[in-house]
Amino acid sequence: MKAAVIVFPGSNCDRDVQVALQKRMGTAPHMVWHRETALPKTDLIVLPGGFSYGDYLRCGAMAANSPIMRAVVAAARAGTPVLGICNGFQILIEAGLLPGALMRNRDLKFICKDVTMRVETTDTIFTSHYNNGEIVKIPVAHHDGNYFADAETVKRLEGEGQVVLRYTDAEGNATDAANINGSVNNIAGIVDEERRIFGLMPHPERVIEPLHRGTQGALIFDSLLEALA
Amino acid sequence: MKARVHVTLKNGVLDPQGKAVHHALQGLGFAGVGDVRQGKFIELELEGTDVEKARSDVKEMCEKLLANTVIENYDIDIVA
(Lines give C-alpha, C1' and ligand atoms only; values in the text may rest on other atoms or scores of the structure.)
Protein backbone atom coordinates (compact mmCIF):
# COMPACT_ATOMS: atom_id res chain seq x y z
CA MET A 1 0.00 0.00 0.00
CA LYS A 2 1.78 3.09 -1.24
CA ALA A 3 0.26 6.55 -1.50
CA ALA A 4 1.27 9.67 -3.42
CA VAL A 5 0.85 13.14 -1.93
CA ILE A 6 0.75 15.98 -4.46
CA VAL A 7 2.63 19.06 -3.26
CA PHE A 8 1.55 22.42 -4.66
CA PRO A 9 3.25 25.75 -3.97
CA GLY A 10 1.45 26.94 -0.84
CA SER A 11 0.39 23.51 0.42
CA ASN A 12 1.07 23.52 4.16
CA CYS A 13 -0.55 20.29 5.32
CA ASP A 14 1.46 18.07 2.99
CA ARG A 15 3.87 17.05 5.73
CA ASP A 16 1.06 16.40 8.24
CA VAL A 17 -0.63 14.07 5.78
CA GLN A 18 2.72 12.46 4.96
CA VAL A 19 3.21 11.66 8.67
CA ALA A 20 -0.38 10.44 9.04
CA LEU A 21 -0.03 8.09 6.07
CA GLN A 22 3.30 6.78 7.30
CA LYS A 23 2.05 6.21 10.87
CA ARG A 24 -1.24 4.56 9.96
CA MET A 25 -0.14 2.64 6.88
CA GLY A 26 3.46 1.87 7.74
CA THR A 27 4.81 3.11 4.42
CA ALA A 28 6.11 6.57 3.57
CA PRO A 29 4.15 8.10 0.67
CA HIS A 30 5.70 9.49 -2.51
CA MET A 31 5.79 13.29 -2.35
CA VAL A 32 5.05 14.50 -5.89
CA TRP A 33 5.76 18.10 -6.93
CA HIS A 34 3.01 19.80 -8.95
CA ARG A 35 5.32 20.39 -11.94
CA GLU A 36 5.70 16.66 -12.52
CA THR A 37 3.72 15.26 -15.42
CA ALA A 38 3.57 11.59 -14.40
CA LEU A 39 2.62 9.81 -11.19
CA PRO A 40 4.66 7.03 -9.60
CA LYS A 41 2.88 3.70 -9.22
CA THR A 42 0.43 4.38 -6.43
CA ASP A 43 -2.63 2.91 -4.68
CA LEU A 44 -3.96 6.24 -3.41
CA ILE A 45 -3.55 9.90 -4.34
CA VAL A 46 -3.85 12.56 -1.65
CA LEU A 47 -4.34 16.26 -2.35
CA PRO A 48 -3.36 17.96 0.92
CA GLY A 49 -4.71 21.09 2.57
CA GLY A 50 -3.08 24.49 2.42
CA PHE A 51 -3.20 27.54 0.24
CA SER A 52 -2.11 26.42 -3.21
CA TYR A 53 -1.14 29.43 -5.33
CA GLY A 54 -2.05 31.71 -2.44
CA ASP A 55 -5.76 30.96 -2.95
CA TYR A 56 -5.60 33.58 -5.74
CA LEU A 57 -8.49 33.84 -8.20
CA ARG A 58 -10.43 31.07 -6.44
CA CYS A 59 -9.14 28.50 -3.96
CA GLY A 60 -7.82 25.52 -5.91
CA ALA A 61 -8.47 27.05 -9.35
CA MET A 62 -4.84 27.26 -10.40
CA ALA A 63 -3.74 24.04 -8.70
CA ALA A 64 -6.47 22.25 -10.66
CA ASN A 65 -4.64 23.29 -13.83
CA SER A 66 -1.15 22.23 -12.64
CA PRO A 67 0.77 19.84 -14.94
CA ILE A 68 0.44 16.91 -12.51
CA MET A 69 -3.35 17.27 -12.39
CA ARG A 70 -3.70 15.81 -15.89
CA ALA A 71 -2.16 12.61 -14.54
CA VAL A 72 -4.27 12.80 -11.37
CA VAL A 73 -7.52 13.22 -13.34
CA ALA A 74 -6.57 10.34 -15.65
CA ALA A 75 -5.69 8.08 -12.71
CA ALA A 76 -8.90 9.04 -10.89
CA ARG A 77 -11.01 8.29 -13.95
CA ALA A 78 -9.22 4.92 -14.24
CA GLY A 79 -10.19 4.08 -10.65
CA THR A 80 -7.28 5.11 -8.43
CA PRO A 81 -8.76 6.38 -5.14
CA VAL A 82 -8.26 10.08 -4.43
CA LEU A 83 -8.56 11.84 -1.07
CA GLY A 84 -8.77 15.65 -1.14
CA ILE A 85 -8.56 17.44 2.20
CA CYS A 86 -9.63 21.11 2.55
CA ASN A 87 -7.72 22.86 -0.27
CA GLY A 88 -7.49 19.39 -1.80
CA PHE A 89 -11.32 19.24 -1.80
CA GLN A 90 -11.39 22.65 -3.49
CA ILE A 91 -8.91 21.40 -6.10
CA LEU A 92 -11.00 18.25 -6.79
CA ILE A 93 -14.04 20.45 -7.39
CA GLU A 94 -12.17 22.93 -9.58
CA ALA A 95 -10.75 19.99 -11.56
CA GLY A 96 -14.27 18.67 -12.17
CA LEU A 97 -13.71 15.40 -10.29
CA LEU A 98 -16.42 16.28 -7.76
CA PRO A 99 -19.57 18.37 -8.41
CA GLY A 100 -20.46 21.77 -6.96
CA ALA A 101 -18.42 24.72 -5.76
CA LEU A 102 -16.83 25.86 -2.50
CA MET A 103 -17.60 29.49 -1.75
CA ARG A 104 -16.54 32.01 0.88
CA ASN A 105 -17.82 31.06 4.37
CA ARG A 106 -21.25 32.49 5.13
CA ASP A 107 -19.90 34.72 7.91
CA LEU A 108 -16.80 35.75 5.90
CA LYS A 109 -14.50 34.50 8.65
CA PHE A 110 -11.61 32.09 8.54
CA ILE A 111 -12.74 29.23 10.80
CA CYS A 112 -10.10 27.24 12.69
CA LYS A 113 -11.57 24.98 15.38
CA ASP A 114 -12.75 21.50 16.30
CA VAL A 115 -16.10 20.79 14.70
CA THR A 116 -18.60 17.99 15.27
CA MET A 117 -20.01 16.15 12.30
CA ARG A 118 -21.94 13.00 11.54
CA VAL A 119 -20.64 10.12 9.44
CA GLU A 120 -23.47 9.64 6.95
CA THR A 121 -22.21 6.52 5.23
CA THR A 122 -19.70 3.79 6.01
CA ASP A 123 -20.15 2.42 2.51
CA THR A 124 -16.92 3.91 1.18
CA ILE A 125 -13.31 2.79 1.25
CA PHE A 126 -12.62 5.94 3.30
CA THR A 127 -15.14 5.45 6.12
CA SER A 128 -15.64 1.71 6.63
CA HIS A 129 -14.03 1.83 10.09
CA TYR A 130 -16.63 4.28 11.43
CA ASN A 131 -20.15 3.41 12.56
CA ASN A 132 -23.11 4.71 10.58
CA GLY A 133 -24.31 7.94 12.17
CA GLU A 134 -21.23 8.19 14.39
CA ILE A 135 -20.53 11.69 15.69
CA VAL A 136 -16.90 12.68 15.18
CA LYS A 137 -14.94 15.75 16.16
CA ILE A 138 -12.37 16.83 13.59
CA PRO A 139 -10.75 20.26 13.21
CA VAL A 140 -11.45 22.54 10.27
CA ALA A 141 -9.31 25.46 9.06
CA HIS A 142 -10.72 27.25 6.05
CA HIS A 143 -12.08 30.48 4.63
CA ASP A 144 -13.86 28.97 1.65
CA GLY A 145 -15.69 25.84 2.75
CA ASN A 146 -19.26 26.85 2.01
CA TYR A 147 -20.37 23.96 -0.19
CA PHE A 148 -22.80 24.88 -2.94
CA ALA A 149 -24.41 22.88 -5.71
CA ASP A 150 -27.61 23.34 -7.68
CA ALA A 151 -30.76 21.71 -6.30
CA GLU A 152 -30.67 18.84 -8.79
CA THR A 153 -27.06 17.96 -7.91
CA VAL A 154 -27.76 18.11 -4.18
CA LYS A 155 -30.78 15.85 -4.65
CA ARG A 156 -28.64 13.35 -6.54
CA LEU A 157 -25.84 13.45 -3.93
CA GLU A 158 -28.34 12.87 -1.12
CA GLY A 159 -30.27 10.21 -3.02
CA GLU A 160 -27.17 8.21 -3.94
CA GLY A 161 -25.68 8.38 -0.44
CA GLN A 162 -22.73 10.45 -1.66
CA VAL A 163 -22.84 12.83 1.31
CA VAL A 164 -20.24 11.35 3.67
CA LEU A 165 -19.89 13.97 6.41
CA ARG A 166 -22.38 16.57 7.65
CA TYR A 167 -21.84 19.37 10.20
CA THR A 168 -24.00 18.70 13.26
CA ASP A 169 -24.24 19.63 16.91
CA ALA A 170 -22.82 17.23 19.52
CA GLU A 171 -26.10 15.27 19.49
CA GLY A 172 -25.93 14.76 15.74
CA ASN A 173 -28.57 17.30 14.70
CA ALA A 174 -27.77 19.05 11.43
CA THR A 175 -29.04 22.44 12.60
CA ASP A 176 -28.37 25.80 11.03
CA ALA A 177 -26.37 26.80 14.12
CA ALA A 178 -24.11 23.76 13.65
CA ASN A 179 -23.57 24.66 10.00
CA ILE A 180 -20.27 26.46 10.50
CA ASN A 181 -19.83 27.85 6.99
CA GLY A 182 -23.27 27.90 5.39
CA SER A 183 -22.88 24.76 3.28
CA VAL A 184 -26.02 23.50 1.55
CA ASN A 185 -27.57 20.71 3.70
CA ASN A 186 -24.63 21.10 6.16
CA ILE A 187 -22.43 19.12 3.76
CA ALA A 188 -18.80 18.71 4.95
CA GLY A 189 -17.63 15.96 2.59
CA ILE A 190 -18.80 14.04 -0.48
CA VAL A 191 -17.74 11.14 -2.67
CA ASP A 192 -18.10 10.76 -6.44
CA GLU A 193 -20.53 8.30 -8.03
CA GLU A 194 -17.96 5.51 -8.02
CA ARG A 195 -17.26 6.24 -4.32
CA ARG A 196 -13.49 6.31 -5.06
CA ILE A 197 -12.95 10.10 -4.84
CA PHE A 198 -13.54 11.75 -1.45
CA GLY A 199 -13.36 15.48 -0.79
CA LEU A 200 -13.81 16.92 2.70
CA MET A 201 -13.22 20.25 4.41
CA PRO A 202 -12.11 18.93 7.86
CA HIS A 203 -8.53 17.78 8.48
CA PRO A 204 -8.45 14.11 9.61
CA GLU A 205 -4.63 14.12 9.53
CA ARG A 206 -4.69 16.50 12.51
CA VAL A 207 -6.43 14.01 14.83
CA ILE A 208 -4.59 10.72 14.56
CA GLU A 209 -2.90 10.54 17.99
CA PRO A 210 -4.06 11.07 21.60
CA LEU A 211 -1.68 14.02 21.78
CA HIS A 212 -3.90 15.67 19.14
CA ARG A 213 -6.89 15.68 21.56
CA GLY A 214 -8.50 12.97 19.47
CA THR A 215 -7.89 10.07 17.14
CA GLN A 216 -11.05 10.02 15.06
CA GLY A 217 -9.27 11.15 11.91
CA ALA A 218 -7.11 8.03 11.97
CA LEU A 219 -10.11 5.88 11.03
CA ILE A 220 -10.07 7.30 7.50
CA PHE A 221 -6.49 6.14 7.01
CA ASP A 222 -7.25 2.79 8.69
CA SER A 223 -10.27 2.28 6.41
CA LEU A 224 -8.10 2.98 3.37
CA LEU A 225 -5.36 0.65 4.56
CA GLU A 226 -7.82 -2.20 4.89
CA ALA A 227 -9.44 -1.51 1.51
CA LEU A 228 -6.20 -1.07 -0.42
CA ALA A 229 -3.77 -3.40 1.30
CA MET B 1 -5.47 45.15 -27.55
CA LYS B 2 -6.99 44.67 -24.13
CA ALA B 3 -9.64 42.34 -22.82
CA ARG B 4 -11.64 43.25 -19.76
CA VAL B 5 -13.42 40.45 -17.99
CA HIS B 6 -16.07 40.92 -15.30
CA VAL B 7 -16.81 37.86 -13.22
CA THR B 8 -19.98 38.00 -11.14
CA LEU B 9 -21.88 35.53 -9.00
CA LYS B 10 -24.96 34.06 -10.68
CA ASN B 11 -28.37 35.19 -9.52
CA GLY B 12 -29.57 33.06 -6.65
CA VAL B 13 -26.06 32.39 -5.35
CA LEU B 14 -25.64 34.02 -1.94
CA ASP B 15 -23.02 36.76 -2.02
CA PRO B 16 -21.91 37.30 1.59
CA GLN B 17 -19.31 39.91 0.59
CA GLY B 18 -21.93 41.92 -1.26
CA LYS B 19 -24.18 41.69 1.79
CA ALA B 20 -21.38 42.93 4.06
CA VAL B 21 -20.73 45.88 1.75
CA HIS B 22 -24.48 46.64 1.76
CA HIS B 23 -24.50 46.68 5.57
CA ALA B 24 -21.49 48.99 5.64
CA LEU B 25 -23.11 51.39 3.16
CA GLN B 26 -26.26 51.47 5.28
CA GLY B 27 -24.08 52.21 8.30
CA LEU B 28 -22.63 55.17 6.44
CA GLY B 29 -26.14 56.51 5.85
CA PHE B 30 -26.59 55.57 2.18
CA ALA B 31 -30.20 54.49 2.48
CA GLY B 32 -31.09 54.13 -1.19
CA VAL B 33 -29.02 51.03 -1.99
CA GLY B 34 -31.23 48.01 -2.65
CA ASP B 35 -28.74 45.21 -3.11
CA VAL B 36 -25.00 44.87 -3.62
CA ARG B 37 -23.30 42.16 -5.65
CA GLN B 38 -19.53 41.90 -5.61
CA GLY B 39 -17.43 40.40 -8.38
CA LYS B 40 -13.99 40.42 -9.98
CA PHE B 41 -12.42 42.51 -12.70
CA ILE B 42 -9.58 41.02 -14.73
CA GLU B 43 -7.71 42.96 -17.42
CA LEU B 44 -5.63 41.10 -20.01
CA GLU B 45 -3.12 42.51 -22.50
CA LEU B 46 -3.45 40.59 -25.75
CA GLU B 47 -1.21 40.37 -28.79
CA GLY B 48 -2.68 40.64 -32.29
CA THR B 49 -5.49 42.69 -33.79
CA ASP B 50 -8.16 40.10 -34.56
CA VAL B 51 -11.02 41.05 -32.24
CA GLU B 52 -13.07 37.93 -32.90
CA LYS B 53 -10.11 35.63 -32.22
CA ALA B 54 -9.37 37.57 -29.04
CA ARG B 55 -12.96 37.19 -27.93
CA SER B 56 -12.98 33.44 -28.50
CA ASP B 57 -9.59 33.03 -26.78
CA VAL B 58 -10.75 34.96 -23.73
CA LYS B 59 -14.00 33.00 -23.64
CA GLU B 60 -11.90 29.81 -23.46
CA MET B 61 -9.78 31.35 -20.67
CA CYS B 62 -12.96 32.14 -18.74
CA GLU B 63 -14.34 28.64 -19.15
CA LYS B 64 -11.06 26.96 -18.20
CA LEU B 65 -9.77 29.19 -15.41
CA LEU B 66 -11.05 32.72 -14.88
CA ALA B 67 -14.63 31.86 -13.89
CA ASN B 68 -16.19 28.94 -12.09
CA THR B 69 -19.29 28.53 -14.20
CA VAL B 70 -21.05 26.54 -11.48
CA ILE B 71 -21.54 29.76 -9.52
CA GLU B 72 -20.22 32.60 -11.70
CA ASN B 73 -21.12 34.44 -14.90
CA TYR B 74 -18.60 36.39 -16.98
CA ASP B 75 -18.72 39.31 -19.43
CA ILE B 76 -15.95 40.05 -21.92
CA ASP B 77 -15.11 43.47 -23.38
CA ILE B 78 -12.44 43.69 -26.07
CA VAL B 79 -10.88 47.16 -26.19
CA ALA B 80 -8.87 47.88 -29.35
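Above this text sits the structure in question.
The rules behind each value
Residues numbered from 1 in each chain as written. Chains lettered and ligands numbered in written order. Predicted model: local features only at pLDDT ≥ 70, side-chain atom pairs only at ≥ 80, totals over all residues. Heavy atoms only, no water. Pairing = 2+ DSSP bridges. Helix = DSSP H or I, 4+ residues; strand = E, 2+ residues; numbered from the N terminus. Axes fitted to C-alpha atoms, helices over the stretch in contact; angles between N-to-C directions. Buried < 20%, exposed > 50% of the residue type's maximum accessible area, 1.4 Å probe, protein only. Right-handed = clockwise from strand over helix to strand, strands pointing away. Salt bridge = Lys/Arg side-chain N within 4 Å of Asp/Glu carboxyl O. Contact = heavy atoms within 4.5 Å. Buried area = accessible area lost by both parts, 1.4 Å probe. Polar contact = N/O pair within 3.5 Å; in protein donor to acceptor, adjacent residues only side chain to side chain. Nonpolar A, V, L, I, M, F, W, Y, C, P; charged D, E, K, R; others polar.

1. A short note on the sheet that holds strand β9 (residues 163-167) of chain A
Residue and element names in this part refer to chain A.
- A sheet is described by the order of its strands in space; here nine strands give the open sequence β2-β1-β3-β4-β11-β10-β9-β6-β7, paired in mixed fashion. In the strand order of this sheet, the two ends are held by β2 (30-33) and β7 (135-142), each with one partner. Averaged over all neighbouring strand pairs, the angle between strand axes comes to 25°, with direction disregarded.
- Here three bridges tie β9 to strand β10 (residues 187-191), and the two strands are oriented antiparallel to one another.

2. Description of the pairing of strand β4 (residues 82-85) of chain A
Residue and element names in this part refer to chain A.
- Alternating residues of β4 divide into Val-82 and Gly-84 and Leu-83 and Ile-85, and every residue in both groups is buried.
- Pairing of strand β3 (residues 44-47) with β4, which is carried by three bridges, proceeds in the parallel orientation. Bridge pairing in β4 links Leu-47 to Gly-84.
- Once you follow β3 into helix α2 (residues 67-77) and on to β4, the crossover reads as right-handed.
- Two strands pair when backbone bridges link them, and β4 and strand β11 (residues 197-200) are joined in this way by four bridges, in the parallel orientation. Looking at the pairing, Val-82 lines up with Ile-197 of β11.

3. Comments concerning the pattern of salt bridges
- According to the stated counting rule, one finds 18 salt bridges over all chains in the structure shown.
- Here Asp-114 of chain A makes a salt bridge to Arg-213 of chain A, at a shortest N to O gap of 3.0 Å. Linking Asp-114 of chain A in strand β6 (residues 111-119) with Arg-213 of chain A in the loop between β11 and α5 (218-228), this pair joins segments that are 99 residues apart in sequence.
- Judged by relative accessible area, which is 31%, Asp-114 of chain A ranks as partly exposed.
- The exposed category is assigned to Arg-213 of chain A, whose relative accessible area is 64%.
- Among the ionic pairs, Glu-60 of chain B bridges to Lys-64 of chain B, the shortest N-O distance being 3.1 Å. In this pair, Glu-60 of chain B and Lys-64 of chain B are both assigned in helix α2 (residues 51-66), four residues apart and thus about one turn of the helix distant.
- Residue Glu-60 of chain B is classed as partly exposed on the basis of its relative accessible area, which comes to 44%.

4. Describing the interface of chain B and chain A
- The partner chain A presents 14 residues to the 15 residues of chain B that form the contact.
- Summed over both sides, the interface between chain B and chain A buries roughly 1,200 Å², with carbon and sulfur atoms accounting for 68% of that surface.
- With a closest N to O distance of 3.7 Å, Arg-58 of chain A and Glu-72 of chain B form a salt bridge.
- There are four residue pairs in polar contact (both at pLDDT 80 or more) connecting chain B and chain A.
- Contributing elements (two or more residues each) for the side of chain B that touches chain A: α1 (16-27), β2 (39-45) and α2 of chain B.
- Of the residues that constitute the side of chain B that touches chain A, the class distribution is 10 nonpolar, two polar and three charged.

Honestly, that's just the spatial picture; any functional story needs more than this.
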